[in-house]
Amino acid sequence: MKKKSVSSSLSRRQFLKGFGSGVAGSVALNKIASALPLQKTLEKAANDANRTPLNLSVNGKTYRLSVEPNRTLAEVIREDLQLTGTKVVCNHGECGACTVLLDGEAVYSCHILALDAEGKSVTTIEGLLGGEELHPLQKAFVKKDGIQCGFCTPGQIMAAQALLLKNPRPAKEDVLEGMSGNLCRCGAYPKIIESVLEAAKTD
Amino acid sequence: MADSKIIKSKYFFEEDFTEELAEVSANKYADWNKKELKVVGKPVSRVDGYDKVSGSAVFTFDVILPNMAHAKTLRCPHPHAKIKRINTKKAEKIPGVLGILTYENAPKISWYGKSFLFDPHLRYEGDEVAFVAAENERIAEQALKLIEVDYEILPFVTDAAEAMKKDAPKLYDDGNIRGGKPSVYERGDIDKGFEEASAVAEQTYKTQVEIHNPTEPHCSVVNWDGDYLTIWDSTQGVFSVRDRVADVLKLPASRVRVIKKYMGGAFGAKLEAGKYTVMAALLARKIGRPVRIALDRREMNLSVGNRPDSVQKLKGGATKDGRLTALYQYSYGAAGAHPAGAGCSWALRTMYLCPNVKTEEYTVYINAGRARPFRAPGHVQGFFALEALIDELAEKIGMDPLEFRIKNHTDRDQVFDAPYTSKLLLDAYRVAAEAIGWKNRPQPAGSDAGPLKRGIGMSSQIWWGGGGPPAYATLKLNRDGSVRIIAGSQDIGTGTYTILAQVASEVLEIPMEKVEVLLGDTAVAPYCGSSGGSTTAPSVSPAVRDAAEQMKAKLLSGAAAHLNVSESQLVYRNGVIHTKGKNKKSMTIREIARKMGERVLVTTGKREANPDGYAINSFGVQFAEVEVDTETGKVSVKKIVAAYDIGRVLNPKTLENQIHGGIIQGLGFALFEERIIDRNTGKVLTTNLHDYKLPTVKDTPQIDIRIVSKGDSKISNTGVKGVGEPAMIPTPAAIGNAVYNAIGKRIKSLPITPDKVLTALQS
Ligand code: FES
Ligand code: FES
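Reading guide: rules and limits
Residues numbered from 1 in each chain as written. Chains lettered and ligands numbered in written order. Predicted model: local features only at pLDDT ≥ 70, side-chain atom pairs only at ≥ 80, totals over all residues. Heavy atoms only, no water. Helix = DSSP H or I, 4+ residues; strand = E, 2+ residues; numbered from the N terminus. Rg over C-alpha atoms; globule rule 2.2 N^0.38 Å. Buried < 20%, exposed > 50% of the residue type's maximum accessible area, 1.4 Å probe, protein only. Contact = heavy atoms within 4.5 Å. Salt bridge = Lys/Arg side-chain N within 4 Å of Asp/Glu carboxyl O. Pairing = 2+ DSSP bridges. Axes fitted to C-alpha atoms, helices over the stretch in contact; angles between N-to-C directions. Left-handed = near helix turned anticlockwise from the far one by under 90°. Nonpolar A, V, L, I, M, F, W, Y, C, P; charged D, E, K, R; others polar. Core = buried A, V, L, I, M, F, W, Y, C linked by side-chain atoms within 4.5 Å. Domains from an automatic or database assignment. Polar contact = N/O pair within 3.5 Å; in protein donor to acceptor, adjacent residues only side chain to side chain. Buried area = accessible area lost by both parts, 1.4 Å probe.

This part covers the overall build of chain B. In terms of regular secondary structure, chain B is built from 18 helices and 32 strands. Relative to the globule expectation of 27 Å for 763 residues, the C-alpha radius of gyration of chain B, 27 Å, shows essentially globular dimensions. In terms of overall dimensions, chain B has C-alpha extents of about 85 × 75 × 45 Å along its principal axes. A burial count over chain B gives 66% of its 763 residues as buried. Put simply, of all contacts in chain B between residues at least 6 apart along the chain, 80% involve residues at least 24 apart.

Right, dumping it as structure tokens:
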């Protein structure tokens with residue numbers, strides 16, 4: 001499976017690994033990581049005292065938040081902003097369900113820290129809507145039935161959006177490549193491919 | 001109109017027959033003529049499409065309640081252990097921890113027969129040790145790390161063959177074989193059958209453990225309101241969850257409400273109430289707050305079901321002219337640590353005409369997560385073996401494998417000695433063989449030149465999937481002429497919301513936009529069974545038709561009263577009722593509804609009884625075309641042609657999607673999916689979606705679907721058979737046979753990984 005480019009240099013796994021040794025890549029993390037043993041660090045990180053201010057721009061709106069530095073972008077989107085369209089399936093950067101756009105690039109939001117999204121613009125599935133109106137890409141997924149249970153669907157659509165932003169007229173091979181980082185356990189792939197090609201046609 | 005009676009209803013559901021009393025409709029309706037249908041049978045877009053593509057669909061995973069606490073489960077890290085001592089003091093002290101349950105403070109609730117909700121005897125890696133609720137998941141996770149458990153480590157066994165040996169570590173006092181003996185089926189005289197055979201093939205085939213891995217994890221959100229418990233659950237069966245939870249918590253069923261609106265897949269893993277749901281309910285009551293519990297991917301791969309593995313020793317005999325004389329199966333499979341079915345002999349018993357059959361099957365306990373039904377339980381495994389054996393026999397007698405299958409076609413179910421209501425398998429063979437180019441397959445096997453060898457293989461398929469009563473649907477007419485269908489079924493991603501709306505729209509001749517469907521709520525909906533066994537559409541769609549037809553009758557009678565004419569003078573067309581002849585008078589549904597007041601206009605439809613003396617089965621065939629890279633051992637599936645007799649198609653768009661899904665899951669099972677346990681430590685090595693390999697979009701073959709059936713009016717008023725499971729059954733077998741056709745060597749165990757291919761090529 002192709003892994004999406006994660007624009008942050010720091011993935012969550014690296015973060016956890018580096019936690020005790022102080023090699024984590026952002027200032028806020030280093031401060032905590034060097035001072036405390038792992039268990040205490042985790043505990044403290046989850047407590048209010050360790051929150052860090054964060055200005056997060058999501059779907060064109062800026063939120064002034066205060067978050068624990070170990071929280072992922074997916075967690076903050078789902079829990080703090082209650083934008084539950086973004087799903088978490090593996091929480092390990094393996095399936096694409098949590099895909100959002102970060103400055104127009106598809107990223108796995110479970111695999112990037114919320115703090116690393118500061119200063120960038122995040123788009124979630126909700127952000128594709130124009131009011132109540134579906135985006136043409138979303139319409140194409142309904143028309144071509146690129147859905148079964150629908151749980152992977154927001155991630156599929158965001159991956160497709162990133163692909164179409166880069167390549168508005170993709171060939172089928174481009175679609176296979178662009179969508180290969182998003183698992184669909186229901187196996188709706190043939191119709192997901194059709195949906196993306198349909199959107200490319202109508203866009 | 002609304003005629004009904006109560007009967008004893010019996011039909012096959014997943015692994016066994018269900019038998020219960022059911023009120024059934026006695027109403028008879030004209031057969032639908034495909035040509036005249038306006039909505040049913042048309043490629044209507046999913047009615048819940050907007051919710052699912054906009055992100056506004058609220059799955060159980062997404063439910064947020066005020067003051068909701070979050071739970072996590074401590075699971076046993078060992079394959080087999082006993083808790084000597086458990087101390088939760090330190091964990092309780094973490095700020096934000098709200099409550100902890102263990103076997104010491106939780107009620108002793110019996111679970112899995114001989115075990116308990118919390119059992120200090122832990123029988124697999126992943127068994128439940130403690131359950132923590134906290135302000136958020138992260139705090140709950142920390143608390144798990146601070147629970148101190150002294151385990152007495154016990155000897156373990158993680159392989160069915162090992163577990164069957166006398167001196168194997170025991171999971172239960174009475175041994176590791178479920179029921180202490182094999183389950184045996186016999187017809188005719190197996191020895192005589194083999195004597196009559198001029199060719200005999202004998203072979204052992206193996207299939208692996210497969211994990212469901214639906215994208216939405218198993219999850220529940222529970223909330224107490226006094227003694228009234230509401231559960232949002234990611235489940236295939238709201239009533240099955242309600243009944244189980246009410247039983248174990250000793251609550252009246254009327255005080256438990258289970259809701260499921262959207263669910264991110266299940267494939268059989270969510271047919272039963274989860275331990276986590278009951279634990280959450282217990283803890284929610286204790287802490288006085290709603291509790292959410294969602295399993296993580298590791299737990300999904302350890303603890304909530306799998307397709308059991310199988311070792312199948314098969315022997316078959318045939319005459320020179322291609323008549324099967326005997327079929328024998330000796331097999332065993334691992335149920336995991338608790339009772340579950342691991343049988344897989346229905347394929348061999350029912351698919352082909354054969355007078356002498358014997359099967360002996362063992363279900364074995366091992367120290368690993370318990371099996372659950374998985375999309376066509378038993379059949380996917382059974383067909384892989386049976387269809388390979390059939391090909392081997394065909395080769396032995398020098399007959400075309402397709403011709404051999406046609407020769408052994410049967411129009412009767414041989415286990416119950418009953419005719420099928422319909423069986424169009426021969427048509428399916430014909431159109432599919434033509435579409436794949438069966439005649440042009442490499443002959444003999446392995447004769448394709450070059451390092452990339454092409455091959456074609458096939459597999460037949462049989463499944464139950466006729467559904468049956470009880471299944472009810474309420475239909476409510478609103479004052480404006482729009483309607484709501486309410487049924488206790490659930491849409492698990494297959495399109496149930498859509499097909500039921502289509503049925504009501506068809507009968508009442510009103511646009512789809514005027515039909516709303518509410519499913520998955522035990523507080524308001526009449527009973528329907530769980531969504532499994534490919535029974536949902538065949539069970540529930542006739543109940544909806546019955547409800548809509550009753551509503552139509554009510555409307556006619558209302559119009560007759562208002563217009564002062566007899567009903568026989570009225571015609572119902574496009575949602576308008578008018579008098580025949582000149583001086584036409586008419587009323588729209590909306591006008592009648594407003595006159596009557598919506599309280600009156602409620603009907604409840606019922607699934608009619610299945611016909612006596614018949615077997616109801618779906619049939620199909622898949623042909624696979626593969627390409628095997630003989631240098632790397634990689635198998636690519638290029639094309640699948642799938643032809644089915646599944647009765648009436650309600651919606652070709654969602655049907656195609658469902659068949660695609662079955663084929664792609666079958667492809668994953670054939671080529672890469674496998675739960676791997678390390679024999680030395682007894683621990684599962686494949687607990688995430690990187691190590692457990694699922695098919696991706698790039699693995700998708702070209703898929704060509706042909707439906708040869710139009711509708712089976714013997715079954716029900718909609719004539720539908722289910723397709724969810726049939727879609728997956730033949731795929732691994734067809735791929736296995738295609739690989740043989742490509743390289744001339746048979747891979748007898750799934751998944752067909754490159755190392756197995758290369759080893760076979762070198763042998
Ligand atoms: S949930 Fe983020 S990649 Fe799977
Ligand atoms: S639609 Fe169910 S996982 Fe993709």
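This part covers the pattern of salt bridges. Overall, the coordinates contain 51 salt bridges over all chains when judged by the stated rule. Of the charged contacts in the structure, one is a salt bridge between B:R85 and B:D150, with a shortest N-O distance of 3.5 Å. Within this pair, whereas B:R85 is found in strand 4 (residues 81-87), its partner B:D150 is found in strand 10 (residues 148-153), the two being separated by 65 residues in sequence. We note a salt bridge from B:D645 to B:K721, for which the minimum N-O separation is 3.2 Å. Remark: B:K721 occurs in the loop between strand 32 (702-707) and helix 17 (731-743) and B:D645 occurs in strand 31 (residues 635-645); sequence separation between them is 76 residues. This pair shows no difference in class: B:D645 is buried, exactly as B:K721 is. Where salt bridges share partners, they join A:R51, A:E68, A:R71, A:E79 and A:D80 into one cluster.

This brings us to the pairing of strand 3 (residues 99-102) of chain A. All names here are of chain A. Alternating positions in strand 3 separate into two faces, T99 and L101 on one and V100 and L102 on the other, with burial throughout. Direction of pairing for strand 3 relative to strand 4 (residues 105-108): antiparallel, over a ladder of four bridges. Pairing of L101 across the sheet is with A106, part of strand 4. Taking the residues that link successive antiparallel strands as the turn, the strand 3-strand 4 hairpin has two residues, and the phi of D103 there is positive, at about 50 degrees. Pairing of strand 3 with strand 5 (residues 121-123), which is carried by two bridges, proceeds in the antiparallel orientation. Bridge pairing in strand 5 places L101 opposite T123.

Attention shifts here to the sheet that holds strand 5 (residues 97-102) of chain B. Residues and elements named next belong to chain B. Pairing is mixed in the open sheet, where seven strands are placed in the order 5-9-3-16-13-14-15. Each edge of the open sheet carries a strand with a single partner, namely strand 5 and strand 15 (256-259). Strand-to-strand twist across the sheet, computed as the mean angle between neighbouring axes with direction ignored, equals 20 degrees. Where strand 14 (residues 228-233) meets strand 15, four bridges bridge the pair, whose relative direction is parallel. Residue T230 lies in a different strand from strand 15, and its bridge partner there is R257. Across the sheet, helix 3 (residues 137-146) is in contact with strand 3 (69-75), strand 5, strand 9 (128-134) and strand 16 (291-294); its angle to strand 3 comes to roughly 30 degrees. Here helix 6 (residues 238-249) sits on the sheet and contacts strand 13 (219-225), strand 14 and strand 15; the angle it forms with strand 15, its principal contact strand, is near 150 degrees.

Right, let's get into the sheet that holds strand 8 (residues 121-122) of chain B. Residue and element names in this part refer to chain B. With antiparallel pairing, three strands are arranged side by side in an open sheet as 8-4-10. Sheet topology places strand 8 and strand 10 at the edges, where each strand pairs with a single neighbour. As defined by bridge partners, strand 4 adjoins strand 8 across two bridges and the pair is classed as antiparallel. Paired with K82 across the strands is H121, a residue of strand 8.

Okay, the packing of helix 10 (residues 379-396) of chain B against helix 17 of chain B next. Residue and element names in this part refer to chain B. Where helix 10 meets helix 17, the closest approach of the two axes is 8 Å, and the angle between their N-to-C directions is 35 degrees. The two elements helix 10 and helix 17 meet at a crossing, and its hand is right-handed. On helix 17, the residues that touch V380, F383, F384, E387, A388, D391 and E395 of helix 10 are P732, A733, G736, N737 and Y740. Its residues placed into classes, the contact of helix 10 with helix 17 shows seven nonpolar, two polar and three charged.

If you look at the biggest cluster of nonpolar residues, it comprises 107 residues, and the most contacted ones within it are A:V196, B:L475, B:L508 and B:L555. The element best represented in this core is helix 14 (residues 536-563) of chain B, accounting for 11 residues. Lining this core are residues from two domains, each supplying at least three of them: domain 1 (4-29 + 467-606) and domain 2 (63-154 + 213-303) of chain B. For A:V196, the residues in contact, after removing those within four places along its chain, are A:F141, A:A160, A:L163, A:L164, A:V175 and A:M179.

This part takes up helix 3 of chain B. Residue and element names in this part refer to chain B. For helix 3, the tally of buried residues reaches seven of 10 residues, placing the bulk of the element in the interior. Those residues of helix 3 that fall on the buried side of the exposure criterion are R138, I139, A140, Q142, A143, L144 and L146. Its side-chain oxygen placed 3.1 Å from the backbone nitrogen of R138, N136 serves as the N-cap of helix 3.

How big an interface is tends to be stated in terms of accessible area lost as the parts join. Between chain A and chain B, the contact holds 53 residues from the first and 56 residues from the second. In total, chain A and chain B occlude about 4600 Å² of area from one another, counting both sides; carbon and sulfur atoms represent 58% of this. Looking only at chain A, the three residues that lose the most surface to chain B are A:Q148, A:F151 and A:R185, adding up to 18% of its buried area. Scanning the region where chain A abuts chain B turns up eight salt bridges. Notably, a salt bridge pairs A:K191 with B:E656, separated by 2.7 Å at the nearest N-O pair. At the boundary of chain A with chain B, the tally comes to 24 residue pairs in polar contact (both at pLDDT 80 or more).

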